[in-house]
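# Architecture at a glance
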Amino acid sequence: MANYYDLAELMFPDITKTVDDLENEYPVRQLPEGAQVTRFAPSPTGFLHTGSLFTALVGYKYAKQSGGIYMFRLEDTDTKRTIAGSADDLIVQLANFGIVSDEGYFPEGDKGAYGPYQQSKRRDIYRTVIKHLVQEGKAYADFCTPEDLEKIRAYQEANKILPGYYGEFARDRNLTPDEQIEKIKAGMPYVVRYKSNGDHNRKVAFTDAIRGKIEIQENDVDVVILKGDGLPTYHFAHVVDDHFMRTTVVSRGEEWIPSTPIHLDLFRALGWKPTKYAHLPVIMKLDNGNKRKLSKRKDPEAAVSFFIESGYPAKGLLVYLMNIANSNFEDWTMQSKDYDISHFQFTWNKMSLDGALFDIDKLAYFCREVLGKEHADTILPAATEWAKVYDPKLYAKIEKDPAFLARIINIDKDKPNPRKDYAKYSDIEPITRFFFDEDYAEIKKAGLPFNEKFDNAFIKDFLKKASEEMTYGVDESTWFNSVKELAAKNGFATNNKEYKANPELFKGNVADAAELIRIALTCSKNSPNLHEVIDILGKDRVVDRLLNAID
RNA sequence: GGCCCUGUCGUCAAGCGGUUAAGACACCGCCCUCUCAAGGCGGGUUCCCGGGUUCGAAUCCCGGCAGGGUCACCA
């Protein structure tokens, strides 16, 4: 009569290592007190999801601020869904956000002593552990076909019994080693299942770093741990990997809460100490009055690339996500006037418990704040990189005369309340168009929006005088005094009170006069500080525009 | 359906038995002002509902309800 060891040997003849060997190979890390080991473990199944960036950010931040290790592990066990190239893409995208792992998978090869960091390359680690489980009688070969499983489920559904492969419904869980050996030898395909001894009527409790104590029914399902293709399922890979990689905190989406009992069950069966868990809220979206997870299919903002393509600065998105992650972060930014998240102390208990609706207005606000603090010396290089790919028009302008654009971007930057014109790099081109002669000519064709109370002859005459009498190359108040003088000579009031008292005495107030000049120079009733605009355009161009505004 | 998570302005939220229930975004108004942006000031039926405990409940307890998640050889 065969025993479990014989069975294990038949299933994994090539495995000579033991679990103890693995323990020695991946020793407990020697880290300073309090240092945390976290990981971001995506599947290479597509683009970087906004929710994934959030998860990665939290793990990265938590490890870094504790002086610990942040790892990147590729969970590529679902070969059907794997998309070629997406793993490397994930790495590149994360790097754009400054999230670079200390250890893990890299396109050029793994880094770190706890690898491989790609689950498909850890086959023998999983098989070693499973061999051990089989030897102990804690795992078994299950020969059910999809049709068999379907039958079980149909029966359970018809009888309103909890669905699943457990207890009496786990058809193959009591097969003897001999029976299993016989079927394997007969060439029957099988998966390996964990033989749970959990009780559905009891509860397990664990302490979630964010939510506190969570109590759920114990797992009693004999989950698949090794699939037919020889790769492990998530449940098993998570437990094995995070044990041998010596992860201290597993941060993952809250959709994993219901399966945590499985993981705890597995840890227990293996005699390992479970990791701490932090189940993160999921970013949501309002759809027809209902909240739902950001959807890859329906929501462009589900893809991080959407923000990059749209020209949002990476730092702005990071700040927004940190604002979702920790409720005190925003207060901190206001007090410290700092948007550098590396200076912020992240904590689990300041994390909100329910999924935030993605708020693009708030994102834009943070982006304006972030860009508002920066000068052309940092904005321009980033904008150039962006424009190179997504905005050829802007790119051409920057290439032609970077200094000119730099001056435009720096308008009012050193004032106490700097302008916050740009939320994203794509805002730059439309806002600054009028500075460029070709664009100016183009916009002008559509007509200049002069105030109808002035006739063309008057405007033409006034602008001609302006071109001659305005002072150039002087400070703002000197310049504006010359505008006031000009306005007064042409029948405008020079201050608002005077004008409001007796409007019939004047052609308009000084604002109206300035507006004529503004429109002539910018084609618009709105513009940044006119003095700076004039300064940047230069006298020749200003005079030209003033003289030719009306033709 | 079972189980789990979560319910405070439109959105993000502070709150931990006694508060005029902070703050931020968005919106509206005013101020500043040569326009816009920025900035300043102000505005709005916000504690899911019903019981209970208590002198007193957004806060504690019970029961509902709502939203979300999960029940795969996917993660």
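Just so it is clear, the model here is predicted, and its values are computed rather than measured.

Let's shift gears to the overall build of chain A. A tally of regular secondary structure across chain A gives 24 helices and 14 strands. Compactness check: chain A gives a C-alpha radius of gyration of 33 Å against a globular reference of 24 Å for 551 residues, more than 25% above the reference. Here chain A holds 551 residues, and 52% of them are scored as buried. Relative to all contacts within chain A whose residues are 6 or more apart in sequence, the contacts with residues 24 or more apart total 73%. Placing the 74 positive and 85 negative side-chain charges of chain A at their respective mean positions leaves the two points 2 Å apart.

Most of strand β9 (residues 249-253) is tucked away, with five of its five residues classed as buried. Taking the sense of rotation as the criterion, the β-α-β connection linking β9, helix α9 (residues 260-270) and strand β10 (residues 276-280) turns out right-handed.

In the region of RNA strand B, 61 residues are neighbours, and Arg211, Lys227, Glu330, Ser352 and Arg419 sit closest. A distance of 2.7 Å separates a base oxygen of RNA strand B from a polar atom in the backbone of Gly228. One nitrogen or oxygen atom from the main chain of Ser527 is found 2.6 Å from a base nitrogen belonging to RNA strand B. Elements supplying a minimum of two residues to the surface near RNA strand B: β5 (191-194), β7 (212-217), β12 (290-293), α12 (329-336), α13 (360-373), α20 (476-489) and α22 (510-522). Looking at the surface near RNA strand B residue by residue, the classes come out as 25 nonpolar, 11 polar and 25 charged.

Read across the open sheet, the three strands follow the order β1-β2-β3; overall the sheet is parallel. The outermost strands of the open sheet, each flanked by one partner alone, are β1 (37-40) and β3 (103-104). Pairing of β1 with strand β2 (residues 69-72) involves four bridges; the strand directions are parallel. Looking across to β2, one finds that Val37 is bridged to Ile69. In the packing of helix α3 (residues 50-65) onto the sheet, the strands contacted are β1 and β2, and the crossing angle to β1 comes to about 165°.

Two elements in contact, helix α8 (residues 234-244) and α9, have axes separated by 9 Å at closest approach and are oriented at 55°. By the criterion of interaxial angle, the relationship of α8 to α9 is oblique. Considering only the axes of α8 and α9, their crossing is right-handed. Contact residues: α8 offers Tyr234, His235, Phe236, His238, Val239 and His243, while α9 offers Ile262, His263, Leu266, Phe267 and Leu270. Its residues placed into classes, the contact of α8 with α9 shows seven nonpolar, four polar and no charged.

Three or more residues of helix α4 (residues 86-96) are buried, namely Ser86, Ala87, Leu90, Ile91, Gln93 and Leu94. Projected onto a plane normal to the axis of α4, the buried residues spread over an arc of 170° and lie on a single side. Residues of α4 that are buried make contact with β1, α3, β2 and α10 (304-310). Remark: Gly98 follows α4 within two positions and exhibits a positive phi of approximately 80°.

Following the criterion strictly, the structure yields 33 aromatic pairs and no others. A centroid spacing of 5.4 Å and a plane angle of 90° characterise the contact between Tyr60 and Tyr70, whose relative ring orientation is edge-to-face. Residue Tyr60 is located in helix α3, and its partner Tyr70 is located in strand β2; the two are separated by 10 residues in the primary sequence. This pair shows no difference in class: Tyr60 is buried, exactly as Tyr70 is. The interplanar angle of 20° and the centroid separation of 3.9 Å between the aromatic rings of Tyr234 and Trp256 together place this pair among those described as stacked. Of this pair, Tyr234 sits in helix α8 while Trp256 sits in the loop between β9 and α9, placing them 22 residues apart in sequence. Given a relative accessible area of 23%, Trp256 falls into the partly exposed group. Every member of this aromatic cluster is reached through a ring pair, and the members are Phe306, Phe307, Tyr312, Tyr320 and Phe358.

Let's shift gears to the layout of surface pockets. Size it by volume and the largest pocket reaches roughly 960 Å³. Taken together, 39 residues make up the lining of the largest pocket; nearest its centre are Pro42, Ser43, Ser52, Glu255 and Trp256. Only β1, α3 and β9 provide two or more residues apiece to the lining of the largest pocket. Element by element, the count of residues in the lining of the largest pocket is highest for α3, at four residues. In terms of lining, the second largest pocket is formed by 18 residues, of which the most central are Val28, Arg246, Thr247, Thr248 and Lys273. Residues of the lining of the second largest pocket, tallied by class, amount to six nonpolar, six polar and six charged.

Definitions and cut-offs
Think of each chain on its own: its residues are numbered from 1, step by step along the sequence as written. Lettering for chains starts from A, numbering for ligands starts from 1, and both go in the order in which the items are written. This being a predicted model, a pLDDT of at least 70 is required before a residue's local features are given, and a value of 80 or more before pairs of side-chain atoms are given or counted; all residues contribute to the totals for chains, interfaces and linings. Calculated side-chain values reflect all of the structure's heavy atoms, with hydrogen atoms and water omitted. In this text, helices come from DSSP runs of H or I with a minimum length of four residues, and strands from runs of E with a minimum of two, each type numbered from the N-terminal end. Note on method: radius of gyration uses C-alpha positions; expected globular size equals 2.2 Å times residues raised to 0.38. Only protein chains enter the accessibility calculation, which uses a 1.4 Å probe; a residue is then buried when its area is under 20% of its type maximum, exposed when over 50%, and partly exposed in between. Here, residues are in contact when the closest pair of their heavy atoms is within 4.5 Å. Counted charges follow a simple rule, with Lys and Arg positive, Asp and Glu negative, and His plus the chain ends left uncounted. For charged residues, the charge sits on one atom: NZ in Lys, CZ in Arg, CG in Asp, CD in Glu. Here, the term right-handed applies to a crossover whose path from the first strand over the helix to the second runs clockwise when the strands point away from the viewer. To be near a molecule or strand, a residue needs just one of its heavy atoms within 4 Å of it. The term polar contact refers here to a pair of N or O atoms within 3.5 Å; inside protein, the definition further demands a hydrogen-donor-capable atom paired with an acceptor-capable atom, and it admits residues adjacent in sequence only when both atoms are side-chain atoms. Nonpolar residues are Ala, Val, Leu, Ile, Met, Phe, Trp, Tyr, Cys and Pro. Charged residues are Asp, Glu, Lys and Arg, and all others, Gly as well, are polar. Strands were regarded as paired on the criterion that DSSP finds at least two bridges between them. For helices, the fitted axis covers only the stretch in contact; all axes are lines through C-alpha atoms, and the angles between them, taken along N-to-C directions, range from 0 to 180 degrees. Small angles under 35 degrees read as roughly parallel and large ones over 145 as roughly antiparallel, with 65 to 115 read as roughly perpendicular and the rest as oblique. Note on convention: near helix rotated counterclockwise from far helix by under a right angle means a left-handed crossing. Clockwise means right-handed. Arc, as used here, means the arc of the directions from the helix axis to the C-beta atoms. The aromatic pairing rule takes the rings of Phe, Tyr and Trp, using the six-membered ring of Trp, and pairs them if the centres are within 6.5 Å, calling planes under 30 degrees apart stacked, those over 60 edge-to-face and the rest tilted. Two kinds of site are reported from a 1 Å grid over the protein atoms alone, namely cavities, where a 1.4 Å probe fits but cannot get out, and pockets, open sets with protein on both sides within 12 Å along at least five of seven lines, and residues are called lining when an atom falls within 4 Å of a point. Grid points are joined across faces, edges and corners, and a volume is the space filled by probe spheres set on the points.

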